Amino acid sequence: MTPRSSRTASRCLSMSSVLREEALATSPNLGAVSSPRKPVGGFRGGIIGFLFGFSLASAFAAYHLLDEYKAASAALQASVQELQTSTEKVSAHVRRIEAVEKDLKVLAQNSTSKDDLAKVRAELKKVYDGLHIEFLDLRSHVWGMQQDLHALAKKEATSVRV
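Residues numbered from 1 in each chain as written. Predicted model: local features only at pLDDT ≥ 70, side-chain atom pairs only at ≥ 80, totals over all residues. Heavy atoms only, no water.

On the surface, Phe-43, Ile-47, Phe-50, Leu-51 and Phe-54 cluster together into a nonpolar patch covering about 590 Å² of accessible area. Its location among the elements puts Phe-43 in helix 2 (residues 42-110). Classification of Phe-43 as exposed rests on a relative accessible area of 69%. (Patch = residues over 30% accessible without salt bridge, like charges linked within 9 Å, V, L, I, M, F, W, Y side chains within 5 Å. Areas by Shrake-Rupley, 256 points an atom, 1.4 Å probe, with all protein chains shown as cover. Salt bridge = Lys/Arg side-chain N within 4 Å of Asp/Glu carboxyl O. Helix = DSSP H or I, 4+ residues; strand = E, 2+ residues; numbered from the N terminus. Buried < 20%, exposed > 50% of the residue type's maximum accessible area, 1.4 Å probe, protein only.)

Put into structure tokens, the structure is as follows:
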């Protein structure tokens, strides 16, 4: 085994330990290379903060927009159901009105008018007047028969039969 030098050598997977020792022996010691650190400046931090805040605000706004959309959709659905109910009520009233109009037409065809009633009244008056005249004629005829019968009864009552 080879003695380790005071330098810190890391083992690379692509190099064997012999090649690494040679590479370390031939290269001068320049010191450890640190990766350059990029400073987190105000500009880059501001952009990251802005993007984070914008994302958070956008998510919050999207959540509230979705909530408002659900509320508006529910209100619209309730309004549509109420409209459907009132439409059914109106159509039921229209059907009842149509039925009443149909019955009214039937009654109007079957009922009499004032002219028809006046004609029937005049005809009935003529019949009544005719019956009254016949009644008076019959009465006078009965009265004449009573007079004849009364006269005969007097005539027979005055004569004596033996």
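Attention now goes to the confidence of the model for the chain. With 72% of its residues at a pLDDT of 70 or more, the chain has an overall mean of 83. When the elements of the chain are averaged for pLDDT, helix 1 (residues 17-26) gives the smallest value, 65, and helix 2 the largest, 94. (pLDDT = per-residue confidence, 0-100.)

Here we take up the packing of aromatic side chains. Inspection of every chain in the model, using the stated rule, returns one aromatic pair. Measuring from centroid to centroid gives 6.1 Å for Phe-50 and Phe-54, while their planes differ by 20°, and the two rings are stacked. With Phe-50 and Phe-54 both in helix 2, this residue pair falls four residues apart, about one helical turn. No difference in accessibility class separates Phe-50 from Phe-54, as the two residues are exposed. (Phe/Tyr/Trp six-rings, centres within 6.5 Å; stacked < 30°, edge-to-face > 60°.)

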